[in-house]
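Commentary on secondary and tertiary structure
Spelled out, the chains give:
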Number of protein chains: 4
Amino acid sequence: MRSPVPEYLQEILDACAGNDAGAVADYIPELAAADPEPFALAMCTPDGTVYSAGDAARRFTLQSLSKPFVYALALRDHGAERVEEAVDMEPSGDAFNEISLDPGTGRPENPMINIGAITTHTLVGDPDLPGPERAERIIAGLGEFAGRDLEVDDAVRSSELATSWRNQALANLVKANGILRGDPYEAVAGYTRQCAVLADVRDLAVMAMTLGSGGVNPLTGRQVVPEPVARQVLAVMTTCGMYDAAGDWLTTVGIPAKSGVSGGLLGVLPGQVGLGAYSPRLDAFGHSVRGVEAFERLSEDMGLHIMRAPAPSIDMIGRRSRTRDGRRLVALQGALTFPVAEMALRHFEAIEPGDDDVVVDFTLVPRMADVGVRMIGEGLERLSADGHDVILVDPHGRIPHAVTEEDYIARVVDEQAELRR
Amino acid sequence: MRSPVPEYLQEILDACAGNDAGAVADYIPELAAADPEPFALAMCTPDGTVYSAGDAARRFTLQSLSKPFVYALALRDHGAERVEEAVDMEPSGDAFNEISLDPGTGRPENPMINIGAITTHTLVGDPDLPGPERAERIIAGLGEFAGRDLEVDDAVRSSELATSWRNQALANLVKANGILRGDPYEAVAGYTRQCAVLADVRDLAVMAMTLGSGGVNPLTGRQVVPEPVARQVLAVMTTCGMYDAAGDWLTTVGIPAKSGVSGGLLGVLPGQVGLGAYSPRLDAFGHSVRGVEAFERLSEDMGLHIMRAPAPSIDMIGRRSRTRDGRRLVALQGALTFPVAEMALRHFEAIEPGDDDVVVDFTLVPRMADVGVRMIGEGLERLSADGHDVILVDPHGRIPHAVTEEDYIARVVDEQAELRR
Amino acid sequence: MRSPVPEYLQEILDACAGNDAGAVADYIPELAAADPEPFALAMCTPDGTVYSAGDAARRFTLQSLSKPFVYALALRDHGAERVEEAVDMEPSGDAFNEISLDPGTGRPENPMINIGAITTHTLVGDPDLPGPERAERIIAGLGEFAGRDLEVDDAVRSSELATSWRNQALANLVKANGILRGDPYEAVAGYTRQCAVLADVRDLAVMAMTLGSGGVNPLTGRQVVPEPVARQVLAVMTTCGMYDAAGDWLTTVGIPAKSGVSGGLLGVLPGQVGLGAYSPRLDAFGHSVRGVEAFERLSEDMGLHIMRAPAPSIDMIGRRSRTRDGRRLVALQGALTFPVAEMALRHFEAIEPGDDDVVVDFTLVPRMADVGVRMIGEGLERLSADGHDVILVDPHGRIPHAVTEEDYIARVVDEQAELRR
Amino acid sequence: MRSPVPEYLQEILDACAGNDAGAVADYIPELAAADPEPFALAMCTPDGTVYSAGDAARRFTLQSLSKPFVYALALRDHGAERVEEAVDMEPSGDAFNEISLDPGTGRPENPMINIGAITTHTLVGDPDLPGPERAERIIAGLGEFAGRDLEVDDAVRSSELATSWRNQALANLVKANGILRGDPYEAVAGYTRQCAVLADVRDLAVMAMTLGSGGVNPLTGRQVVPEPVARQVLAVMTTCGMYDAAGDWLTTVGIPAKSGVSGGLLGVLPGQVGLGAYSPRLDAFGHSVRGVEAFERLSEDMGLHIMRAPAPSIDMIGRRSRTRDGRRLVALQGALTFPVAEMALRHFEAIEPGDDDVVVDFTLVPRMADVGVRMIGEGLERLSADGHDVILVDPHGRIPHAVTEEDYIARVVDEQAELRR
């Protein structure tokens, strides 16, 4: 059969295509000349499958879409503490080009608005790096997120730089506050280059999914940034990514997202999906009109909302409580996060002290989170202290310490293998 | 064995207990006299298990902790559209008692700051309800979230009302803007009563988990508010709940949360856990010092962060591709959300047209989200159109339409039952 | 002959009467019903002559026109220091009903905006005065400025009080900041009574001239407030009286002024003229449209602009340097302010030491300012020290110390009297 | 004798010299190295007499002291309308280096804050003038105000330009708003040159007196800018010159003034005096600590306050009502402004119709303001219409039209001359 997923994207595209509200951004001469009609959507899954619909091959400049990724690169290069000294993480409630500075420290309010993004740009790589080299490093980094090398649109870059007075003002203000290292003009020149990097909607979806996969690019499998960096970037995108419409966006769409004045829009549901959209006509907030509508439909139709609570996990523990040979059995199901581990411990708690065997089966546990390992480990030790022999079953070979006899495991594994053959 | 979870809470409590920074709120005379020492933590799981540590029986007034729940009641009573006409959902970047009004409409910026919460108070129940009856309705609603009847501390209420000039100012401003119905003084009087409702940390944890379980109270099983209401409240708590520290909080703690000046703090990870803390000394933002530290440790130690991406779900489909009797098998694992359904469709897609049987096993699917049902349904129809006989296996009896012959299912179910017996 | 001055006023009235732009204030129900057509002008000279044109008998409520006078009463009752503790004197750059508070102290920015005027109201009379008595004291004080008893329009007062939410908000904010003594509601009730005092344009002109005559009412001759109080009120009116249009107003019109939403407008040129206007249609700043136009014409046509520099005073010293009997003569002309005294000293300086007589004639000096008396006194002592006999001539009898022989003065005075008989 | 005026200045200097509060401006490296001790005062009278005390020969850079004069040059070159399109005239209530822009138009709030002054700089001379030529034109213009050529301190200029990030930011913001013509960097470079012009306190006093003499330099007698320009500059200095302390300054000191971070301070009382002060230590507002104290003492001790009302001018008309030969006499005294003319008309009004002569004596009228000429002219015509023969006496030869017979005048003049011989 043919998967209906591309058709879903196409349906959403068709449903939004009639919407010709909004206008192409006009404050950058080269962007003002853009064709307003192209429309494309893309979706990337955690395992790197990319779907798309519409003008998916059409490239456009990243503009503000570059901001979360360059923020990630700065965090990777210098750590959260150093970056936070220069750029705060608070929603500003202001437009993207506002002078939103923390009144106490003079830092930009967050890295998603221009004044913060220009500052963030200068935090990638060695502080003494010449401007062009820093820009090269950033373009290479953006390519790591996309999983392929990206190019710069030099016509847009030079057009934007020639009329970059407001950004020059922002850079000079941060410089005057003692926050920006180096020359403000060079910072804007580099930032403008970063904004002029070309990508298509499939790139956006992959870049988004990389953030949503703990920093691992789902195409290349490469860890582009550490997991805590990806998490921090997503958190900041959630509160600050959609500028002064952030609250309404999180409520109605519920997909941490970022937009660019070229008409691009990307969104992430961690562990679930990366999304990209492109349509140049913008609304009053500077977001793609059709892109926003498409995201609203994706959220509504696909249930893609970060606050959508999974139902109580009645099945985190398998329903059988005895193995076929009559031993006590606790069969875990699902990623070993806190709630799963807590429930397992409650099952352990119900086991009276005694010298009978307890079999704990990890076969259906796809991921062993640290907290879960620690909690289960604690529980296993207590079961042992209660007199039980504990037999761990993990055909994936991930259990960090052997607490059972080799042959015994082997036997149980055989038994399990039979069950699931 | 004895579960180590209460000990975890106790350890966190012990680790934070030495922190005596901050000061008891002094702007309400009755609160200023509070004992600064009590400290308690509680945790509620999706299935209603409640753990606690410290002075868990100590009651305190809800104050701002009441805001998300009263917002939920207003949304339940009048719908998102009507409530949004009166109160916006944008982070204000200002302190809790600021005059944060949308410049265009004169609406409060969000329901988590006082000016928005007073307005929200008047949106519960019939517009013409006398003030005291509205307050009663709200106190009853707060009790539904807690799973038990809650009382008002009348000494705190009257002390707070007698010095409520700032709140009077806020109510009169909203009245002057044509947003508030009824008398501003009565609105503040009712709001002050709402703030004086008494609860303990276990109540907080249950109330939080109710929001995190799609509006269903995990103790009573009652649907207190519809799922979309719970989702909206969580989204607004995420961007606005921690006032001007919202961005930093989401990044470092990552638990949508709300605090009160009495020293209470609650947090929610949807589908995972509800949390409550109490310790009266406050930091500069008005948050409980020890409560914040405890939440930081819970986030760090327990991996409780909303942006923590589950690993790519390599195990969303069982690894066997054939049943024991040789038929094609697609065995789904996990809640049937978009990513799981998408992966299933990819497995369906790999099946060439033909007249052989395809078995689709829903045994390990705890929840059937609408979108997943639709997507899988579409896939099943396509498999049928390709010539296949499709056999669905669902021992939980949830499959909405019968596409297979009765006896055939029965046989397969028997087979599965044997596998898992 | 008949003075053309009333005709000048009438001409200005006629020139502006065709202007029907603007709209009657609608936020107070009783004002919204006002007849928009009446138009009147009045002018009061330093010696109490009052001219008027148009509907000069039409009375209207003072509204914000009361603010500078009540500020004057507060300064009179408690002194500049105490009043400044509660109300600052800085232009706010905001509209009249804005929440303009000094961020450091929580004081209202100035007494000309509502939040400052409500606070100022409570500073008249004893702090513990019951509200109604304070209002009576204020109404009596306003009458002292007008030179006659004034009444309250109770229909406007009660209509305004019933919809005074914004003012209630302002009063409660100042109360919350610890600035306002007493009950906020009572403050607004009293302030609303003050605003509802009735006057006509002739009253406005007299009240204005009282401020412009060092606090002395030109009709009654009574010192209503001390000179430094009148000076301070004029200074504050200059920077704050026309709200957010203060800078433009001072530049183009150059007459310290105050307007009221009922359509009244008053202005003062110290020592020169007091002006009043009335026409209910208001511009976007809340100023009477025709009133503003009339003031612009008065400024332009009559040269009434506070920054209009008198020409270099070539005639501050009479051109004769010898009396008829040959003695040295320095004949002063004009008020004995610093520039006149300085020039006199320069004439004294040109007199070589010697024992000849020097006659200093004060006949044409209408006013002896302290600084001038001191400076001239110093000069006279030095002339004496140089050996000269100094003969002072002052037929008005104001010279504070006799430095000359009685008969000699008498002789000179006779001589002068002859000259001027 | 020796004039005590220099001693007055010296006394004020001595009284303030012990005040070593404040600190030298440190944000410009070259200024930070300045000797904090020098202290000087100067005073210029309307006829060009200059007094000084202290380190009067010490030169310092004008910095913000240049702003009102360059504003005057822009008004002279392009008119009020064109300049107002680019720079508003409202007090900003903000510090000198704030981003105070009108929200509607994007114009700087006023020309006394940096953002307005940089914009104003570009409005001097032809719009297409190369930057250095514009700066030369401005330096020449400043020299016209001072009455001598002024030089630039190139060390200060280049030091300031090298750290001019904040000003660069301001210029770029105004450019981005479409307000600034030409290159923002060049504007700041030119503005920095303007700020680095050297002057001493005597220059300040002369420059100030030029504004206070209707634009006529009291030393050179040259009309540097037209009278309406001087008036507008003084009005704007009054509301905006002392930045966020403007209201307090006008109330307590009452001298329209401007300060510079180098420690200079100048003030003007129109028609009375120009003042200059210099002492480098600054208060929190950026004003010279000793300069401010000296101005306060000058205002208090010398009665130099713009709102000090002259006493009712009881002597605007001479007390004799008959000439010695028995004719009706109205002898005017003082500049022929509106109040004097109005009083004259009242005297005319008291004259019954008839054919007797009326003598109007202008001998003691130093200045004939347009409005006075018009009003008196009207009165004279009406006296004629009533049947009177009107005889004008003006030994200064300024009466524009001869209404009396030559010999008759001659006779009266003789008579007057005798009176005053």
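The present account deals with the structure reproduced in this document. Numbers given for residues are sequential positions, taken from 1 along each chain in its written order. The lettering of chains begins at A and the numbering of ligands begins at 1, in the order of writing. Side-chain atom pairs in this predicted model are given and counted only at pLDDT of 80 or more, local residue features only at pLDDT of at least 70, and totals for whole chains, interfaces and linings cover all residues. To obtain the side-chain values, all non-hydrogen atoms of the structure were used and water was disregarded.

**So, the overall build of chain A**
Looking only at helices and strands, chain A features 15 helices and ten strands. With respect to the three principal axes, the spread of C-alpha positions in chain A is 80 × 50 × 35 Å. For chain A, with 421 residues in total, the buried portion stands at 62%. Note on contacts: a residue pair is in contact if any heavy atoms of the two residues lie within 4.5 Å. For chain A, the proportion of contacts with a sequence separation of at least 24, taken over those separated by at least 6, is 68%. Taken as a whole, chain A presents about 14400 Å² of accessible surface, with 48% of it coming from carbon and sulfur. As used throughout, the charge tally considers Lys and Arg to be positive and Asp and Glu to be negative, leaving His and the chain termini uncounted. Lys charges are placed at NZ, Arg charges at CZ, Asp charges at CG and Glu charges at CD. Averaging the coordinates of the 37 positive side-chain charges in chain A and doing the same for the 63 negative ones gives two points 2 Å apart. Secondary structure elements are taken from DSSP: a helix is a run of H or I of four residues or more, a strand is a run of E of two residues or more, and numbering for both begins at the N terminus. A simple rule labels every residue: compare its accessible area, found with a 1.4 Å probe on the protein chains alone, to the largest value its type can have, and call it buried under 20%, exposed over 50%, or partly exposed in between. The protein chains shown are the only cover counted for residues, whose accessible areas, like all others here, come from Shrake-Rupley with a 1.4 Å probe.

**Topic: the packing of aromatic side chains**
Between the rings of Phe, Tyr and Trp (Trp by its six-membered ring), a pair exists once the centres lie within 6.5 Å; its type follows the angle of the planes, with under 30 degrees stacked, over 60 edge-to-face, and the other angles tilted. Enumeration according to the criterion identifies twelve aromatic pairs over all chains in this entry. The interplanar angle of 40° and the centroid separation of 6.0 Å between the aromatic rings of Trp 249 of chain B and Phe 295 of chain B together place this pair among those described as tilted. Of the two residues, Trp 249 of chain B sits in helix 11 (residues 246–252) while Phe 295 of chain B sits in helix 12 (residues 289–302), which places them 46 residues apart along the sequence. This pair shows no difference in class: Trp 249 of chain B is buried, exactly as Phe 295 of chain B is. Sitting over a ring, as applied to charges here, requires NZ of Lys or CZ of Arg to be within 6 Å of the ring centre and within 35 degrees of the ring normal. Above the face of the Trp 165 of chain D ring, Lys 175 of chain A is positioned so that its terminal group lies 5.2 Å from the ring centre.

**Overview of the relation of the copies chain B and chain C**
When chain B is fitted to chain C, the best match, at an RMSD of 0.1 Å, comes from turning it 180° and sliding it 0.0 Å along the axis. The transformation relating the two chain copies, once decomposed into turn and shift, fits a two-fold axis. For chain B, the minimum C-alpha distance to the rotation axis belongs to Ala 169 of chain B and amounts to 1.9 Å. Interface overlap between copies is the fraction of interface residues in one copy that are interface residues in the other; for chain B against chain C it reaches 100%, indicating a shared surface. In this comparison the copies share one frame, found by least squares on the C-alpha atoms of residues holding pLDDT of at least 70 in both.

**Brief notes about the sheet that holds strand 2 (residues 40–44) of chain D**
By definition, the strands of a sheet pair up through backbone hydrogen bonds, in either a parallel or an antiparallel sense. Residue and element names in this part refer to chain D. Each pair of strands is called paired provided DSSP finds at least two bridges between the two strands. The sheet built from five strands is open, its strands ordered 3-2-8-7-6 with antiparallel pairing. The sheet terminates laterally at strand 3 (50–54) and strand 6 (257–259), the two strands that pair on one side only. Across the sheet, the mean angle from the axis of one strand to that of its neighbour is 10°, orientation sign disregarded. One ladder, built from six bridges, connects strand 7 (residues 264–269) with strand 8 (residues 273–278); its direction is antiparallel. Note on strand 8: the bridge partner recorded for Val 268 is Gly 274. The angle between two axes is taken between their N-to-C directions and runs from 0 to 180 degrees, where each axis is a line fitted to C-alpha atoms and a helix contributes only its stretch in contact.

**Side note on the interface of chain A and chain B**
Facing 83 residues of chain A, the contacting portion of chain B comprises 82 residues. The term buried area means the drop in 1.4 Å probe accessible area that two parts suffer when joined, counted for both and summed. Buried area between chain A and chain B, summed over both chains or domains, comes out near 7300 Å², and the portion from carbon and sulfur atoms is 60%. In what follows, salt bridge is the name for a side-chain nitrogen of Lys or Arg lying within 4 Å of a carboxyl oxygen of Asp or Glu. The tally of links from chain A across to chain B stands at four salt bridges. Counting of polar contacts relies on pairs of N or O atoms within 3.5 Å, with two restrictions inside protein: one atom must be capable of donating a hydrogen and the other of accepting it, and residues adjacent in sequence are counted only when both atoms are side-chain atoms. Joining chain A to chain B, the criterion identifies 18 residue pairs in polar contact (both at pLDDT 80 or more).

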